[in-house]
Amino acid sequence: MQTGAITTHSTPFVEISRDEWAELAPTTASPLTEADIESLRGLGDRLNLQEVEDVYLPLSRLLSIYASGARNLHRDTSNFLGERATTTPFVIGVAGSVAVGKSTVARLLQMLMARWEGTPRVELVTTDGFLYPNAELERRGILDRKGFPESYDRRALLRFVSKIKSGAAEATAPVYSHLSYDILPDEKIVVRQPDVLIVEGLNVLQPPTTGGGLAVSDLFDFTVYVDARTQDIATWYQDRFLSLQRGAFSDPDSYFHRYASLTEDEARETAKGFWERINLPNLEENIRPTRSRATLVLRKAANHAVSTVLLRKI
């Protein structure tokens, strides 16, 4: 069945074309500037003001509807129980493959939502900080599986989000360094009662590992999965590796400094090997199977622009 550009099938999602989705945004100018976009853009991303207006302003508007609904439901439930209503954060999960642009999406949502009335405190935490330290990964024999579900301290992540969701005065999260490729043992992120918490990571939509258990995804009020064709993501990953190889890897303190002197062909072959041995299996076995658990899917075309939006039916 097809009506205009919105297509429905026997799935839990309604599929909306980019043009139709863009019409759902308020007819107001973007609150962001070109300088804002430049500060948000990740390596390889081609984010621009048009993309923000067509895709992310409607998403921001939808999130405001969900957040308002969550606040009202919480208030009404508290009234029903005869309790004094307390404010709890609206928690968003952002998932997707490495190199698909989910970090840029998360940062963009943070900036847009902080401009809402009533939600000035929007915090963003990535699950990289909940990776086990390299020494522990080596002890377990899974250093080459960094990014797979078993490489994370999922209990610590669950405790952190649970604490935030419960309205605790503050919660702390570990800090991960992409330069040293490891947890920084003496650094912490402190989150103090945000209005909105965004949790971004490869595996944030994973279901519970044991029957009857609780997963961090159970604590989310809204979830976004950033999607694209596998071959496109592979190309973006290789291009990003080459950009890093010409830039960040040249730092002697970089964990990947050993790759700084590779020729372009050697670097591309190295990136291809990493993709095929680590990132592709993780995508196929662990990340993409969680896509159907998202509230909304942003499907990207080969040029990194969002072409289609899938929204879970209510």
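Above: the structure in question.
Rules of the game
Residues numbered from 1 in each chain as written. Predicted model: local features only at pLDDT ≥ 70, side-chain atom pairs only at ≥ 80, totals over all residues. Heavy atoms only, no water. Helix = DSSP H or I, 4+ residues; strand = E, 2+ residues; numbered from the N terminus. Rg over C-alpha atoms; globule rule 2.2 N^0.38 Å. Buried < 20%, exposed > 50% of the residue type's maximum accessible area, 1.4 Å probe, protein only. Contact = heavy atoms within 4.5 Å. Lys, Arg positive; Asp, Glu negative; His and termini not counted. Charge placed at Lys NZ, Arg CZ, Asp CG, Glu CD. Axes fitted to C-alpha atoms, helices over the stretch in contact; angles between N-to-C directions. Parallel < 35°, antiparallel > 145°, perpendicular 65-115°, else oblique. Left-handed = near helix turned anticlockwise from the far one by under 90°. Nonpolar A, V, L, I, M, F, W, Y, C, P; charged D, E, K, R; others polar. Expected span 1.5 Å × (residues − 1). Bend = angle between axes of the 7 residues up to and from the residue. Polar contact = N/O pair within 3.5 Å; in protein donor to acceptor, adjacent residues only side chain to side chain. Salt bridge = Lys/Arg side-chain N within 4 Å of Asp/Glu carboxyl O. Patch = residues over 30% accessible without salt bridge, like charges linked within 9 Å, V, L, I, M, F, W, Y side chains within 5 Å. Areas by Shrake-Rupley, 256 points an atom, 1.4 Å probe, with all protein chains shown as cover.

Bringing the overall build of the protein chain into the picture now. On a plain count of helices and strands, the protein chain comes out with eight helices and eleven strands. Taking 20 Å as the expected radius of gyration for a compact globule of 314 residues, we find that the protein chain reaches 20 Å, a close match to that expectation. Across the 314 residues that make up the protein chain, the buried fraction comes to 48%. Within the protein chain, residue pairs in contact and separated by at least 24 positions form 70% of the contacts whose partners lie at least 6 positions apart. Counting 36 positive and 41 negative side-chain charges, the protein chain places the centres of these two groups 5 Å from one another.

All right, on to the environment of Ser-78 then. Positionally, Ser-78 belongs in helix 3 (residues 49–81). Through-space distance from the C-alpha of Ser-78 to that of Ala-234 is 48 Å; in sequence the pair is 156 residues apart.

A separate point is the side chain of Thr-127. Tracing the sequence through the fold places Thr-127 in the loop between strand 5 (122–126) and helix 5 (134–140). Under the relative-accessibility criterion, Thr-127 is labelled buried at 3%. When sequence neighbours within four positions are dropped, the list of residues in contact with Thr-127 reads Tyr-152, Leu-157, Val-199, Glu-200, Gly-201, Leu-202 and Val-204.

Moving on, we get to the packing of helix 7 (residues 230–246) against helix 8 (residues 264–287). For the pair helix 7 and helix 8, interaxial distance at closest approach is 9 Å and the crossing angle is 135°. With respect to their mutual orientation, helix 7 and helix 8 come out oblique. When the axes of helix 7 and helix 8 are compared, the crossing they make is right-handed. Contacts between helix 7 and helix 8 involve Thr-230, Ile-233, Ala-234, Tyr-237, Gln-238, Asp-239, Phe-241, Leu-242 and Gln-245 from the former and Glu-264, Ala-267, Arg-268, Thr-270, Ala-271, Lys-272, Phe-274, Trp-275, Asn-279, Leu-280 and Leu-283 from the latter. Taken together, the residues of the contact of helix 7 with helix 8 break down into eleven nonpolar, five polar and four charged.

This part is about helix 3. Relative to the 48 Å expected for 33 residues at 1.5 Å per residue, helix 3 spans 46 Å between its end C-alpha atoms, a close match to the ideal helical length. In helix 3, a bend of some 40° at Tyr-56 exceeds every other bend along the element, and Pro-58, a proline, comes one to four places later. In this structure Asn-48 caps helix 3, since a side-chain oxygen of it lies 3.2 Å from the backbone nitrogen of Gln-50. Just downstream of helix 3, Gly-82 is the residue with a positive phi angle, here 75°.

So, on to the side chain of Asn-134. Checked against the element boundaries, Asn-134 lands in helix 5. By relative accessible area, which is 8% here, Asn-134 ends up buried. Among all residues touching Asn-134, those that are not within four sequence positions of it are Leu-143, Lys-146, Ser-180, Tyr-181, Asp-182 and Tyr-255.

Time to look at the environment of Arg-291. Relative to the helices and strands, Arg-291 resides in the loop between helix 8 and strand 10 (296–300). The spacing of Arg-291 and Gly-96 is 195 residues in sequence and 8.0 Å in space, taken between C-alpha atoms.

Overall, the coordinates contain 16 salt bridges when judged by the stated rule. A salt bridge links Arg-121 to Asp-195, with the shortest nitrogen-to-oxygen separation between them at 3.4 Å. With a gap of 74 residues between them, Arg-121 in the loop between helix 4 (102–113) and strand 5 and Asp-195 in the loop between strand 7 (182–191) and strand 8 (196–200) connect regions that are remote in the sequence. For Arg-121, a relative accessible area of 41% puts it in the partly exposed group. Between Glu-136 and Arg-140 there is a salt bridge whose closest N-O contact spans 2.6 Å. A residue pair is termed a helical-turn pair when its members lie 3 or 4 positions apart in one helix, as Glu-136 and Arg-140 do in helix 5 at four residues. Taking the relative accessible area as the measure of exposure, Glu-136 reaches 19% and is therefore buried. When its relative accessible area of 40% is taken as the criterion, Arg-140 is described as partly exposed. Shared partners join several salt bridges into a network, and the residues in it are Asp-227, Arg-288, Arg-291 and Arg-299.

What follows is about unusual backbone geometry. Phi is positive for Ala-99, which is not a glycine, with a value near 75°. Take Ala-99: it is sitting in the loop between strand 4 (90–96) and helix 4. Phi at Gln-193 is positive, roughly 40°, even though this residue is not glycine. Within the secondary structure, Gln-193 is located in the loop between strand 7 and strand 8.

Bringing a negative patch on the surface into the picture now. Taken together, the side chains of Glu-264, Asp-265, Glu-266, Glu-269 and Glu-276 make up a negatively charged region of the molecular surface. Within the secondary structure layout, Glu-276 lies in helix 8. Its relative accessible area of 45% is what places Glu-276 among the partly exposed residues.

Right, let's get into the environment of Ile-92. Along the chain, the position of Ile-92 falls in strand 4. Sequence-wise, Ile-92 and Leu-219 are 127 residues apart; in three dimensions their C-alpha atoms are separated by 8.9 Å. The residues touching Ile-92, leaving out its near neighbours within four places in the chain, are Leu-63, Met-113, Val-196, Leu-197, Ile-198, Val-199, Phe-220 and Phe-222.

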